[in-house]
Amino acid sequence: MAAITSVVDLAMDGDVAVITIDSPPVNALSADVRDGLDGAFRAIAANPALKAAVLVCAGRTFIAGADISEFGKPPRGASLHAVQDAMEESAVPVVAAIHGTALGGGLEVALCAHYRVSDAKAKFGLPEVKLGLLPGAGGTQRLPRVVGAKKALEMVTSGAQMGAKDALAAGLVDEIVEGDLTAGAIAFARRIVAEGRPLKKVRDDTSKLGGDAAALAPMFADFRQSHARAFKGFDAPEANIKCIEAAVALPFEEGMKVERSEFMKLMSGLQATAQRHVFFAERQAAKIDGLDPKTELLPVKSVGIIGAGTMGGGIAMNFLSVGIPVTIVETKQEALDRGVAVIRRNYENSAKKGRFSMEEVEARMGRLTPTLALEDLKDADLIIEAVFENMDIKKDIFGKLDTIARPGAILASNTSYLNVDEIAASTTRPESVVGTHFFSPANVMRLLEVVRGARTSPQVLATAMATGKAIGKIGVVSGVCHGFIGNRMLGARQEQANKLILEGARPADVDRVLTDFGFPMGPFQMADLAGLDIGWSAETSKGVTVRDRLCEAGLRGQKNGKGFYDYDADRNRTPSPVAEAIILDYAAEKGINRRSIDDQEILERCLYPMVNEGAKILDEGMAQRASDVDIVWINGYGWPVYRGGPMFWAEHDAGRDTIAAALERMGMDVSPKLKSGW
Ligand code: NAD
């Protein structure tokens, strides 16, 4: 075996050349890999005795994609296009032997082979769209020539992976190899040589596209229309679609030019930078500053949950779904029954949609133990409290847990705002207490704020983060402050939104500006959805806020079809004249002179104070890093991914200085970090 570079070897198996890439962990297409492939194909071209070549990867996967750490840096080594050309133009057939995941650039390289074989577990995909990009190494031109325009469209715009069986059916692989992949690929290569099969160059084959430009136009139109909502705001999906259209309408080289130009546009745009930032930020969030990465985790093999309401039920589902038994506690049988019934209904609905079987529903429900006795939590490894947001009740529960829970058990609170240190102080083991702030619906939303109390032990913190990961959440560490990272910033936005509707904007204007920005809904739609009467009661209502008055007038939000908006049976909304009148009366009573407020002011007043609050959170060390704040907002509050999160947006789009100056004009106290950077 001859080393071409430190990561690529070329060996001869008789008259078949075997190129092996061995660049852990995922054989990404780094400069060394490209140089190695370049050298290998030159050596193959110079050896007339060879009949075929096999390209295979060592380790856990075929080339899993580009080396994204090279993005944005000056080019180095052989260009990928040159390597692909050398491969496709090879005088002897090249067989790509695929295991693991052939993703992005990896699949684009494989598409330049004349034949592809894989093992039965291999997966294929072009996930570039998830980073705000498109496959820029011929993927948009070659993939439709292999699997057809429609399937290619789905793959490039979703970034979804295809399994080996489907890949075989779609023609993406020619054979699934049983047993040793390299040996199977060599045997396959010998067979095609013996049979005199042609050098199949994907670029030259238009037979599988599925029709010409005119015939496929309605398919493209349908596709755009049916995905309009999902693609809204994102540049990359449309650029990917245009490239597939080009593959159908234009000769290969012309299509490649379109791909190149669309790729460059995306690459130089802010969205791709933002989406790449989010990709890395998500991984970064898992790291806990000042914590020994070798910190031993505590076992979490059984979970206790207190409160079977909206949150307790959703939280329980996370654990039941991954096989961890849950004991759930309520004070009254009726509440317990209701909570359990909701969990069952949610699972049954998923089963009806075909996500899993009815047996699976029973298996999950079988792991749930409902009880009215707090004592039943005595053996639980992790106990999560999700009762009413009331400090006295929470303290009472933690005091009791202190006497019930086994030593070393983790005692967590799902509080949204309350002081976790105060809760911890009601126990004799504050080191075991941590906040685990889930988001609603807790079985769906990916964010988990893990609140680190002043005395939370490193083991408890690390275990809470690891447990979050185990149930599919993205954990972000927050310090103890009112509303933690997310709700604290939301509060800053809500305060402005509430003022804006008194000063002259309408709730629907505020909502529209924020949804146009890319949020799935605005603050008043959100209030209607959550219920205007959260935390409100007729007995104690003092009528001091607009919301009190809306509730007093019988407006409860979506649940009774009346709120800031009126809702019809299909939940279509129109601004409520009743709410409008209440707001106008309230403003008049407070002596507020209403004026016309433009969209730019709405946007700035909603978002700038929020960014300022995020910066203050950093000033106070309540978040570990600015990118954690971004992850909270993207995964918990629907901040558009393509805008990278509020702190990224402030730094790279709106501009910190611009925001600071505007806040000063508004008379607000500006965070030092907003001025100096984070
Ligand atoms: P909820 O009213 O739906 O449920 C609370 C449940 O706790 C009720 O079923 C109640 O019967 C039960 N309960 C009360 N006292 C109890 C006790 N002593 N022992 C056992 N059960 C008891 O409330 P929720 O929306 O699920 O909120 C629960 C917690 O989660 C609160 O701290 C809230 O701030 C927080 N939270 C809520 C949301 C949300 O969107 N709803 C989001 C994040 C966090």
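Being a predicted model, the structure only gives us computed values, none of them experimental.

**Q** Would you mind showing me how to read the domain arrangement of the protein here?
**A** Taken domain by domain, the protein consists of domain 1 (2-266), domain 2 (303-484) and domain 3 (532-589). For domain 1 and domain 2, the distance between their C-alpha centroids amounts to 45 Å.

**Q** Quick question: what am I supposed to make of the site of the ligand here?
**A** Around the ligand, 20 residues are found, and the nearest of them are Met-311, Glu-330, Glu-389, Lys-394 and Ser-416. Within the backbone of Thr-310, one N or O atom sits 3.0 Å away from an oxygen atom of the ligand. Glu-330 places a side-chain nitrogen or oxygen 2.5 Å from an oxygen atom of the ligand. Considered on its own, the ligand offers 830 Å² of accessible surface; in the complex 77% of this is hidden by protein. Residue assignment for the shell around the ligand shows that the elements contributing at least two residues are α13 (310-321), α16 (391-404) and β16 (433-438).

**Q** What is the right way to look at the nonpolar core in this model?
**A** One broad trend across soluble globular proteins is that nonpolar side chains are buried collectively. Judged by nonpolar contacts, the single largest core of 69 residues is most densely connected at Val-510, Phe-564, Leu-607, Trp-633, Trp-639, Trp-649 and Ile-659. The biggest single contributor to this core is helix α24 (residues 599-619), with 10 residues. Each of domain 2 (303-484) and domain 3 (532-589) accounts for three or more of the residues forming this core. Among residues more than four places away in sequence, those in contact with Leu-607 are Leu-514, Phe-517, Phe-519, Trp-639 and Trp-649.

**Q** Quick question: what am I supposed to make of the packing of α24 against helix α26 (residues 646-654) here?
**A** When two helices pack together, their arrangement is given by the angle between the helix axes and by the axis-to-axis distance. In contact at an axis separation of 9 Å, α24 and α26 are set at 115 degrees when each is read in the N-to-C sense. Here α24 lies roughly perpendicular to α26, going by the angle between them. Where α24 crosses over α26, the two elements pack in a sense that is left-handed. Across the interface between the two elements, Leu-607, Tyr-608, Met-610, Val-611, Gly-614, Ala-615 and Leu-618 of α24 pack against Pro-646, Met-647, Trp-649, Ala-650 and Ala-654 of α26. Grouping the constituent residues of the contact of α24 with α26 by class yields 11 nonpolar, 1 polar and no charged.

**Q** What is the right way to look at the side chain of Asp-511 in this model?
**A** Following the sequence through the fold, Asp-511 ends up in helix α20 (residues 507-517). Within the buried core, Asp-511 has no salt-bridge partner, and the shortest N-O distance to an opposite charge, that of Arg-573, equals 5.8 Å. Residue contacts for Asp-511: discarding those within four places in its chain leaves Gly-522, Pro-523, Phe-524, Gln-525 and Tyr-565.

**Q** For this particular structure, what's the right way to read the sheet that holds strand β17 (residues 447-451)?
**A** By way of backbone hydrogen bonds, the strands of a sheet pair with one another, either parallel or antiparallel. Spatial ordering of the open sheet is given by β13-β12-β11-β14-β15-β16-β17-β18, a layout of 8 strands whose pairing is mixed. Each edge of the open sheet carries a strand with a single partner, namely β13 (368-371) and β18 (474-478). When strand polarity is set aside, the average angle formed by the axes of neighbouring strands in this sheet is 25 degrees. Note that β17 and β18 share 5 bridges and pair parallel. Across the sheet, the residue bridging to Glu-449 is Val-476, located in β18. Seen against the sheet, α13 touches β11 (303-306), β12 (326-329), β13, β14 (382-385) and β16 and runs at an angle of roughly 170 degrees to β12.

**Q** Sorry if this is basic, but what is going on with the UniProt feature "domain: 3-hydroxyacyl-CoA dehydrogenase C-terminal" (unreviewed entry) in the protein here?
**A** Under the feature "domain: 3-hydroxyacyl-CoA dehydrogenase C-terminal" (unreviewed entry), the UniProt entry names residues 483-567. Between the end C-alpha atoms of residues 483-567 the distance is 30 Å, and the span holds 52% helix and 4% strand.

**Q** Which parts of the structure should I look at to understand the environment of Pro-144?
**A** Looking at the secondary structure, you find Pro-144 in helix α4 (residues 139-147). Between the C-alpha atom of Pro-144 and that of Gly-309, which follows or precedes it by 165 residues, the distance is 49 Å.

**Q** Where do I start with the packing of α20 against α24 in this structure?
**A** Close contact between α20 and α24 brings their axes to 9 Å; oriented N to C, the two are set at 75 degrees. Considered as vectors, α20 and α24 are oriented roughly perpendicular to each other. Taken together, the residues of α24 that come into contact with α20 (itself represented by Asp-509, Val-510, Arg-512, Val-513, Leu-514 and Phe-517) are Asp-599, Ile-602, Leu-603, Cys-606 and Leu-607. Tallied by class, the residues present in the contact of α20 with α24 amount to 8 nonpolar, no polar and 3 charged.

**Q** How do you make sense of the pairing of strand β2 (residues 8-13) when you look at a structure like this?
**A** Residues in a regular strand project their side chains so that they alternate between the two faces of the sheet. Relative to β2, strand β1 (residues 2-5) is paired through 3 bridges, and the arrangement is antiparallel. What sits directly across from Ala-3, in β2, is Asp-9. Taking the residues between adjacent antiparallel strands as the criterion, β1 and β2 are bridged by 2 residues. The sheet contact formed by β2 and strand β3 (residues 16-21) spans 6 bridges and is antiparallel. Bridge assignment links Asp-9 to a residue of β3, and that residue is Thr-20. Connecting β2 to the antiparallel partner β3 that follows it, the hairpin turn spans 2 residues, and Gly-14 within it adopts a positive phi of roughly 65 degrees.

**Q** I keep staring at empty space enclosed by the protein and nothing clicks. Help me out?
**A** Picture a little ball the size of a water molecule; that probe, rolled over the atoms, points out where space is still empty. Per the stated rule, a full pass over the model turns up 2 cavities of 30 Å³ or more. Of the volumes computed, that of the largest cavity is approximately 70 Å³. Lining the largest cavity are 13 residues, and of these Leu-382, Ile-384, Thr-436, Ala-464 and Thr-467 sit closest to its centre. Elements that contribute at least two residues to the lining of the largest cavity include exactly β14, β16 and α18 (458-470). Among the elements that line the lining of the largest cavity, the one with the most residues is α18, at 4 residues. Class assignment of the residues belonging to the lining of the largest cavity gives a composition of 9 nonpolar, 4 polar and no charged.

The rules behind these values
- Residues numbered from 1 in each chain as written.
- Predicted model: local features only at pLDDT ≥ 70, side-chain atom pairs only at ≥ 80, totals over all residues.
- Heavy atoms only, no water.
- Domains from an automatic or database assignment.
- Near = heavy atom within 4 Å.
- Polar contact = N/O pair within 3.5 Å; in protein donor to acceptor, adjacent residues only side chain to side chain.
- Areas by Shrake-Rupley, 256 points an atom, 1.4 Å probe, with all protein chains shown as cover.
- Helix = DSSP H or I, 4+ residues; strand = E, 2+ residues; numbered from the N terminus.
- Core = buried A, V, L, I, M, F, W, Y, C linked by side-chain atoms within 4.5 Å.
- Buried < 20%, exposed > 50% of the residue type's maximum accessible area, 1.4 Å probe, protein only.
- Contact = heavy atoms within 4.5 Å.
- Axes fitted to C-alpha atoms, helices over the stretch in contact; angles between N-to-C directions.
- Parallel < 35°, antiparallel > 145°, perpendicular 65-115°, else oblique.
- Left-handed = near helix turned anticlockwise from the far one by under 90°.
- Nonpolar A, V, L, I, M, F, W, Y, C, P; charged D, E, K, R; others polar.
- Lys, Arg positive; Asp, Glu negative; His and termini not counted.
- Salt bridge = Lys/Arg side-chain N within 4 Å of Asp/Glu carboxyl O.
- Pairing = 2+ DSSP bridges.
- UniProt positions renumbered as here; feature names shortened; annotations may be inferred.
- 1 Å grid on protein atoms, 1.4 Å probe; cavity = no way out; pocket = protein on both sides within 12 Å on 5 of 7 lines; lining within 4 Å.
- Points joined across faces, edges and corners; volume = space filled by probe spheres on them.

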